[in-house]
Every structure is written in structure tokens, then in C-alpha cells.
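# Descriptive analysis of the structure
What follows is the residue order along each chain.
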Amino acid sequence: IPWRAASILSLIQDPSGAPIMIQRLRNMSSRAPSVTLRELRRATGQDFPFDPDAPEEVREAQIRVWEEWWEGQMEVPNVGD
């Protein structure tokens, strides 16, 4: 259910489901990492690389780029705060 919610949020370009999608990239048993990546990119407006066929250490490094970006988003104050 969290994945479906994150997927729906991506349709309206809402990045709040990004952590769920980023974690899903780690789960190589997911049926369609390309779908996850497409929705993550749509939700966030970012285009960081991810190669599901790369060796595990390369995939982890690519996922860390996404995670670091997300952590940086959490540090950006909202307008009016």
C-alpha cells in the first residue's frame, strides 16, 4: 500500500513518496525497477542515474545519491516558516 500511495503522488509530481521509491530501488526483487525509477524521476524532477543491472556496489552508490538529495530536501525550509 505505501508503494501505491507513492506511485499516485508521483502522478501529481509530489515528491513526498520519494523515500518509499528510493527504498524500492534497493529491492531488486521488485518486478519493474524501470517503473520505479520513472515515477521517482517524475515525482522529484531529478534525473540521477540508476542501472538495475549494475553490480551491487554501483547500485548502492547510485541509490545513495538519491538519498542524499532527499535528505537535502528535508533541510530546505518551507516558504512562510
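Residues numbered from 1 in each chain as written. Predicted model: local features only at pLDDT ≥ 70, side-chain atom pairs only at ≥ 80, totals over all residues. Heavy atoms only, no water.

## Describing the nonpolar core
One finds A18, M21, I22, L25, L37, L40, A43, F50, I63, W66, W69 and W70 forming the largest nonpolar core, which totals 12 residues. When residues of this core are traced back to their parent elements, those giving at least two are α2 (18-26), α3 (33-44) and α4 (56-74). In this structure, I22 is in contact with L40, I63, W66, E67 and W70, ignoring residues within four places of it in sequence. (Core = buried A, V, L, I, M, F, W, Y, C linked by side-chain atoms within 4.5 Å. Buried < 20%, exposed > 50% of the residue type's maximum accessible area, 1.4 Å probe, protein only. Helix = DSSP H or I, 4+ residues; strand = E, 2+ residues; numbered from the N terminus. Contact = heavy atoms within 4.5 Å.)

## Observations concerning α3
Between its first and last C-alpha atoms α3 spans 16 Å; for 12 residues at 1.5 Å apiece the expected length is 16 Å, and the two agree. Residues of α3 that are buried include every one of P33, T36, L37, E39, L40, A43 and T44, and no others. One side of α3 carries all its buried residues, which in axial view fall inside an arc of 165°. One or two positions beyond α3, positive phi appears at G45, with a value near 75°. (Expected span 1.5 Å × (residues − 1). Arc of directions from axis to C-beta.)

## Regarding the confidence of the model for the chain
Per-residue pLDDT for the chain averages 81, and the proportion of residues at 70 or more is 77%. Considering each helix and strand of the chain separately, the mean pLDDT is smallest for helix α1 (residues 2-11), with a value of 68, and largest for α4, with 93. (pLDDT = per-residue confidence, 0-100.)

## A word on the pattern of salt bridges
What the rule picks out here adds up to four salt bridges. A salt bridge links R41 to D47; the nearest nitrogen and oxygen atoms lie 2.9 Å apart. Under the relative-accessibility criterion, D47 is labelled exposed at 60%. Three or more residues joined by partner-sharing salt bridges are found here, namely R26, E60 and E67. (Salt bridge = Lys/Arg side-chain N within 4 Å of Asp/Glu carboxyl O.)

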